[in-house]
Amino acid sequence: MSLSEAKKLTTHDSSVGVVETRHYTFAHPPDGLKLECGKTLGPVTLAYETYGRLNAEKSNAILVVHALSGDAHAAGVHSGGNNPGWWDDMIGPGKAFDTDRYFVICSNVIGGCKGSTGPASIDPETGRPYALDFPMITVADMVNAQRRLVDHLGIERLLTVAGGSMGGMQVLQWVASYPEKVRSAIPIATALKHSPQQIAFNEVVRQSIMADPDWRGGNYYEFGQPAKGLAVARMIGHITFMSDQSMEEKFSRRRKNGDYGFRFGTDFEVEGYLRYRGDSFVKRFDANSYLYITKAVDYFDLSDGKLISKEKPVDTRFLVISFESDWLYPSHQSQEIVRALQAGLADVTYCEIGSTYGHDAFLVEIGEQTQLIRHFLEKTFYGYDVLVSHDA
């Protein structure tokens, strides 16, 4: 299938429509959620959304897991709102995750700030926001909390777990922690562990937040966000999400203010874009959550046989996807995942998609991902390749 043909798959107007964010609370004291750091957390609330219907056998459930700054709102729109979910082009009737067939779940991770328990939540022992008293969390802790939600929904085994970037790490962690609960896995644009360069970028992000005097050692909730530091952190992130070619095509060296600016204003269009992205992020995300979650992905490490091994093989099927121009999570890291899975005798398919969008490609290169995921899920669900008409 050509790229132009694949992109025709995105022409559906189908949508999951109006959706509602729900909340599941568990781990009530004294039975808190045991974390990898040795501490317990409780009660714990997870914000989540669902799309489609769970079948009678409860065999069609898909868990979609979000990237670092994402949330539970993966598809559709909220009542009275007009902002579609972050993977709306992939979830819905006739889309990659076809809600006419599958029951799709997405939850906000612990440590987040969009309805799940995190640093901005109220500590029941003090009556104040946790701030830096919130315990350190890991990707394994996020997955352990998700497993409690899946159990609450009565689902014994997920048809698949899918996600990109930090979401891809959660996909891999699901297999490492609960292989018996995962029929298939789709890690996209991710890695078995962060490289020193990736850790370095995250440290610069964290330092930009903590260097802002308004951060106040994490105790800023009654005063307001450390806006300047958090905005700079997000600007750094957006640079890593794009490729040199995509930035050239989107901005080139176009100027906003004639030949020369005034006192270091936004002379170039790319500067204006980064400042807009930074300012917008401050309005929707908690600075302390950004610190905790970036540290969690730095801690993540499933290399050296910790994912699966020949001694403990799994029957989970894998579709690993990377993007040619992604320099934040380059293809060689996805290929490392493939080698680890092959060493463990896993059933794995790998595809590198040609794209100029950099790391953002997993959110915007919909056509080819749809084709790959659609057929992968059909084979997993039905047990064989299925030829189905997908005409709108």
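In what follows, the structure referred to is the one given above.
Since the structure is predicted, the reported quantities are computational estimates derived from the model, not experimental observations. (Residues numbered from 1 in each chain as written. Predicted model: local features only at pLDDT ≥ 70, side-chain atom pairs only at ≥ 80, totals over all residues. Heavy atoms only, no water.)

Asker: Just checking my understanding: could you explain unusual backbone geometry for this structure?
Answerer: Peptide bonds are, in most cases, trans, and in most cases residues other than glycine have a negative phi. Pro30 follows Pro29 through a cis peptide bond whose omega is 10°. Along the chain, the position of Pro30 falls in the loop between β2 (22–26) and β3 (33–34). Residue Pro43 follows Gly42 across a cis peptide bond; omega there is -5°. Structurally, Pro43 is set in the loop between β4 (40–41) and β5 (44–51). One non-glycine residue, Ser165, lies in positive phi territory at about 65°. Among the secondary structure elements, Ser165 is positioned in the loop between β11 (160–164) and α3 (166–177). Since its relative accessible area comes to 8%, Ser165 is described here as buried. (Helix = DSSP H or I, 4+ residues; strand = E, 2+ residues; numbered from the N terminus. Buried < 20%, exposed > 50% of the residue type's maximum accessible area, 1.4 Å probe, protein only.)

Asker: What's the story with helix α8 (residues 287–299) in this structure? I'm lost.
Answerer: Owing to its 3.6 residues per turn, the α-helix aligns residues three or four sequence positions apart on the same side. An ideal rise of 1.5 Å per residue puts 18 Å on 13 residues; α8 measures up with 19 Å between its terminal C-alpha atoms. Counting buried positions along α8 gives eleven out of 13 residues, so the element sits mostly inside the fold. Along α8, the residues classified as buried are Ala287, Asn288, Ser289, Tyr290, Leu291, Tyr292, Ile293, Thr294, Ala296, Val297 and Asp298. Contacts made by the buried residues of α8 are with α2 (139–152), α3, α4 (196–210), α5 (227–241) and α7 (269–282). (Expected span 1.5 Å × (residues − 1). Contact = heavy atoms within 4.5 Å.)

Asker: Is there a simple way to think about a nonpolar patch on the surface in this case?
Answerer: Taken together, the side chains of Tyr357, Leu363 and Val364 make up a nonpolar region of the molecular surface, amounting to roughly 240 Å² of accessible area. Along the chain, Leu363 turns up in helix α10 (residues 361–364). (Patch = residues over 30% accessible without salt bridge, like charges linked within 9 Å, V, L, I, M, F, W, Y side chains within 5 Å. Areas by Shrake-Rupley, 256 points an atom, 1.4 Å probe, with all protein chains shown as cover. Salt bridge = Lys/Arg side-chain N within 4 Å of Asp/Glu carboxyl O.)

Asker: Can you help me understand the environment of Leu307 in this one?
Answerer: If you trace the backbone, Leu307 turns up in the loop between α8 and β13 (317–323). The exposure class of Leu307 is buried, given its relative accessible area of 6%. Remark: the alpha-carbon pair of Leu307 and Gly344, spanning 37 residues in sequence, is separated by 8.6 Å. Excluding residues within four positions of it along the chain, Leu307 makes contact with Leu172, Val175, Ala176, Leu192, Leu302 and Leu341.

Asker: Looking at this structure, I do not really get the state of the cysteines. What am I missing?
Answerer: Across all of its chains, the model carries zero disulfides by this definition. We note that Cys106 lacks a disulfide partner, and the nearest cysteine sulfur, in Cys113, lies 14 Å from it. Judged by its relative accessible area of 0%, Cys106 falls in the buried class. (Disulfide = S-S within 2.5 Å.)

Asker: Even after reading the chapter, I still don't get the packing of α5 against α7, so can you show me in this structure?
Answerer: Helix-helix packing: each pair is described by the crossing angle between the helix axes and the interaxial distance. Relative to each other, α5 and α7 sit at 125°, their axes nearing to 8 Å. Judged by the inter-axis angle, α5 sits oblique to α7. Our pair here, α5 against α7, has a crossing hand that is right-handed. Here Ala227, Leu230, Ala231, Arg234, Met235, His238 and Ile239 of α5 come into contact with α7, specifically with Tyr273, Leu274, Arg275, Arg277, Gly278, Asp279, Phe281 and Val282. Partitioning the contact of α5 with α7 into residue classes produces nine nonpolar, two polar and four charged. (Axes fitted to C-alpha atoms, helices over the stretch in contact; angles between N-to-C directions. Parallel < 35°, antiparallel > 145°, perpendicular 65-115°, else oblique. Left-handed = near helix turned anticlockwise from the far one by under 90°. Nonpolar A, V, L, I, M, F, W, Y, C, P; charged D, E, K, R; others polar.)

Asker: Please clarify how the environment of Ile209 should be interpreted in this entry.
Answerer: Positionally, Ile209 belongs in helix α4. Among the residues examined, Ile209 registers a relative accessible area of 0% and is labelled buried. Each C-alpha atom of the pair Ile209 and Arg253 lies 29 Å from the other, and the pair is 44 residues apart in sequence. In this structure Ile209 touches Trp215, Pro226, Gly229, Leu230, Ala233, Ala287, Tyr290 and Leu291, once residues within four positions along its chain are discounted.

Asker: Can you walk me through the sheet that holds β11 in this structure?
Answerer: Strand-to-strand pairing in sheets goes through backbone hydrogen bonds, with the strands running parallel or antiparallel. Taken in spatial order, the eight strands of this open sheet run β2-β5-β10-β6-β11-β12-β13-β14, and their pairing is mixed. Looking along the sheet, the strands with just one partner apiece sit at the ends: β2 and β14 (347–353). For this sheet, the mean angle separating the axes of adjacent strands, direction not counted, is 20°. Pairing geometry for β2 and β5, over five bridges, is antiparallel. Each bridged residue has a counterpart across the sheet, and for His23 the counterpart in β5 is Ala47. (Pairing = 2+ DSSP bridges.)

Asker: I tried to follow α7 on my own but got confused; where do I start?
Answerer: Under the 1.5 Å per step criterion, the end-to-end length of α7 is 20 Å for 14 residues, consistent within 8% with the ideal 20 Å. Within α7 the residues assigned to the buried category are Gly272, Tyr273, Leu274, Gly278, Phe281 and Val282. Taken together, the buried residues of α7 touch α5, α6 (244–250) and α8.

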